[in-house]
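Summary of the model geometry
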Amino acid sequence: MTVTATRTPSRAPAKPSLRERHPGRFLVLALLLVLLLLMVAPLLVVAVNAVKSPADYASNGPLSVPTHLHWDGIVDFWNRVDFGLKLLNSFITSLVVAVLGVVLSVLNAYALGIGRVRGRAWFLVFFLVANLLPQEVLVYPLYYLSKQIGLYDSLFSIIIIFTVIQSAFGTYLLTSVYTEFPRELLDAASVDGAGKWRALWRVVVPVSRPTLAVLFTFFFIWTWNEFFLPLIFLISNDNQTVPVALGVLQSDRMMDATTTSASALIGIAPAMVFFLIFQRTLTRGIAAGAIK
Amino acid sequence: MAGNSNTRSRGYGLYLIPGIIASTAVIVVPLVMTVYISFTRWTGIGSPRWIGADNYTRLFADANFWASFGHIILLIVAMAVVPTLLGLVLAAVLFDHVAKHFGDRWAAVLRSGYYLPQVLPVAVTGIIWGWILHPSYGALNKIMDAVGLGSLTRNWLGDPKYALYSVMAVMIWFQLGYPVVMFMSGLQRIDPELYEAADLDGATWWQRFRRITVAMIRPELYVVLVTTTIASLKIFGQIFVLTRGGPSNATLVPSYFAYKNFFEKAQVGYGSAIATVLTVLIVVLAVVFLRLQNRAERS
């Protein structure tokens, strides 16, 4: 659902007309900047206090500049929750789900968008509903069944579930892309003697790579941020993902101000890194996910 | 279907097999099971005992159930209505004013900044605000004390009178960027000449906003309203981390209510009934929105 973009997709470059500027215009800009400050203030406050010593926080409050950089809170917290392991768990889960989710979406969309199999409208509704359902309506049977087959409390269970849930959206988006797929390319491939399987991997996938990259990015970030199902399925310390580790700790234990902000900063950091890495793909995502 | 494309479409069905098997195992079977369990009494151990519609009659008499849906209505205001209205104005001002008079770069920077909260995991959002709003060591009360507003400090999340409003404020902060980004991408479609023509005709800013901006991005408007409304019905992570539905159920929401019955009270049948009602509500809502959207597109 979180379709994102970070830059204005190119349009005719605006010409700032300096001569026309007058105070009213700057007033609007100033108001927008105040709002921007309000939006990022919580993150700034977190960053400032994550590197403060508890004594510094107690005597100078949340808004003061740290008297000196105090990394102990972050280091202690990192070690206490074995954060390196949680990062690895999150990373493996998100990466595998993103790859498998894209593959499954491609297979579904190949049949529905290019193959136009009978009843494709119903299949689309079927997949779309899978994406709409609240996870609460799936969780208990999934919990029960995974216990029966010995997959409970393993990353594997989460990977299977999210591959299916994410690919529901992927199927929906890719099918609409593949419906418009240039027929000449497919005809040329079949003239060259390529079967359906070869046409899929040699023609369809390479041509639609930009859209697949967008899907990969969405799936990765969405899976990274998931909380509800991982909270229920990944109960042992060794299997927790980043949001679960942080969320459980937060609601179970009393922590002091600087430790809490250290933990929040540790949680923010990977999200920000992905945001920066994936910026360009996400910008294109707006075009891929645009409403026609 | 023409004969030619008919022969071509044969054999593609094979490619649906993995998807159908996976979706059946992960979506269809659990969904059917939950609906079935909602008609039973079950603790999660042993076999479920059929009790007909008892869970539902109990549910509709449960004050907590109605309260949780009441809270959802306020959360729809905070997550769907307010961000959409604010987002409309912001997107229009960024597109029509900031980009025009100060350059695209300013508009892009502001938009990214507003969007920032959306990229964080919800659990982390909860941690940030849980700390800021904490009564004794939280940043907000400390700041208010420092600037002489000490009399207004509150136990923001711990007082049943204020907890839900605090959560609402957090959700507005969290959601605002999404409509801004969606609406601005929709505005790219607008031909600048439309605005120029309106200018020549002496249209006021408000008239241009209503007649051009809002009219042109109606598709995005629908999408944003549907997705944010459904997101408010599903809200769980922030509630779990911020308040766990408390204090004294003041911030209870359906998904947390279901979670509590499943995993804390071992009332799996009752939890399943809550989840089923929530699902029906979401699907009905989505269908209604889709119908409205189709009708709007046709006219």
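Residues numbered from 1 in each chain as written. Chains lettered and ligands numbered in written order. Predicted model: local features only at pLDDT ≥ 70, side-chain atom pairs only at ≥ 80, totals over all residues. Heavy atoms only, no water.

**Overview of the overall build of chain B**
The secondary structure content of chain B amounts to 15 helices and 2 strands. Scaling as 2.2 N^0.38, a compact globule of 299 residues should have a C-alpha radius of gyration of about 19 Å, whereas chain B reaches 24 Å, well beyond that. In terms of principal-axis extent, the alpha carbons of chain B reach across some 80 × 75 × 30 Å. Each of the 299 residues in chain B was classed as buried or not, and the buried ones make up 55%. Summing over all exposed atoms, chain B offers an accessible surface of approximately 12,600 Å²; the carbon and sulfur share of this is 65%. (Helix = DSSP H or I, 4+ residues; strand = E, 2+ residues; numbered from the N terminus. Rg over C-alpha atoms; globule rule 2.2 N^0.38 Å. Buried < 20%, exposed > 50% of the residue type's maximum accessible area, 1.4 Å probe, protein only. Areas by Shrake-Rupley, 256 points an atom, 1.4 Å probe, with all protein chains shown as cover.)

**Focus on the interface of chain B and chain A**
On the chain A side, the residues contacting the 100 residues of chain B number 102 residues. When chain B packs against chain A, the two sides together hide about 8,900 Å² of surface, and 76% of this comes from carbon and sulfur. Looking at the side of chain B facing chain A, the largest losses of area belong to B:Tyr12, B:Tyr15 and B:Trp131, adding up to 9% of the total buried there. Joining chain B to chain A, the criterion identifies 0 salt bridges. At the surface where chain B touches chain A, the tally comes to 7 residue pairs in polar contact (both at pLDDT 80 or more). The greatest single-element share of the side of chain B that touches chain A, amounting to 14 residues, is contributed by helix H2 (residues 17–37) of chain B. (Contact = heavy atoms within 4.5 Å. Buried area = accessible area lost by both parts, 1.4 Å probe. Salt bridge = Lys/Arg side-chain N within 4 Å of Asp/Glu carboxyl O. Polar contact = N/O pair within 3.5 Å; in protein donor to acceptor, adjacent residues only side chain to side chain.)

**Remarks on empty space enclosed by the protein**
Residue and element names in this part refer to chain A. Here the structure, examined in full by the defined rule, presents 2 cavities of 30 Å³ or more. Put simply, the largest cavity is a space of about 50 Å³. Taken together, Ser90, Thr93, Ser94, Ile158, Phe162, Thr223, Trp224, Glu226, Pro230 and Thr241 make up the lining of the largest cavity. Elements that contribute at least two residues to the lining of the largest cavity include exactly helix H4 (83–114), helix H7 (155–179) and helix H10 (209–225). If you tally residues by element for the lining of the largest cavity, the top one is H4, at 3 residues. Residues that form the lining of the largest cavity fall into these classes: 4 nonpolar, 5 polar and 1 charged. (1 Å grid on protein atoms, 1.4 Å probe; cavity = no way out; pocket = protein on both sides within 12 Å on 5 of 7 lines; lining within 4 Å. Points joined across faces, edges and corners; volume = space filled by probe spheres on them. Nonpolar A, V, L, I, M, F, W, Y, C, P; charged D, E, K, R; others polar.)

**As for a nonpolar patch on the surface**
All names here are of chain A. A cluster of nonpolar side chains, contributed by Phe91, Leu95, Val99, Val103, Trp197 and Trp201, occupies part of the molecular surface with about 540 Å² of accessible area. Counting residues per element, the ones that place at least two in the nonpolar patch are H4 and helix H9 (196–207). Looking at which element gives the most residues to the nonpolar patch, the answer is H4, with 4 residues. (Patch = residues over 30% accessible without salt bridge, like charges linked within 9 Å, V, L, I, M, F, W, Y side chains within 5 Å.)

**With respect to unusual backbone geometry**
Residue and element names in this part refer to chain B. The omega torsion of the bond from Gly246 to Pro247 falls at -10°, within 30 degrees of zero and hence cis. Among the structural elements, Pro247 can be located in the loop between helix H13 (237–242) and helix H14 (254–263). For Ser248, which is not a glycine, the phi torsion comes out positive at approximately 40°. Checked against the element boundaries, Ser248 lands in the loop between H13 and H14. For Ser248, a relative accessible area of 65% gives the class exposed.

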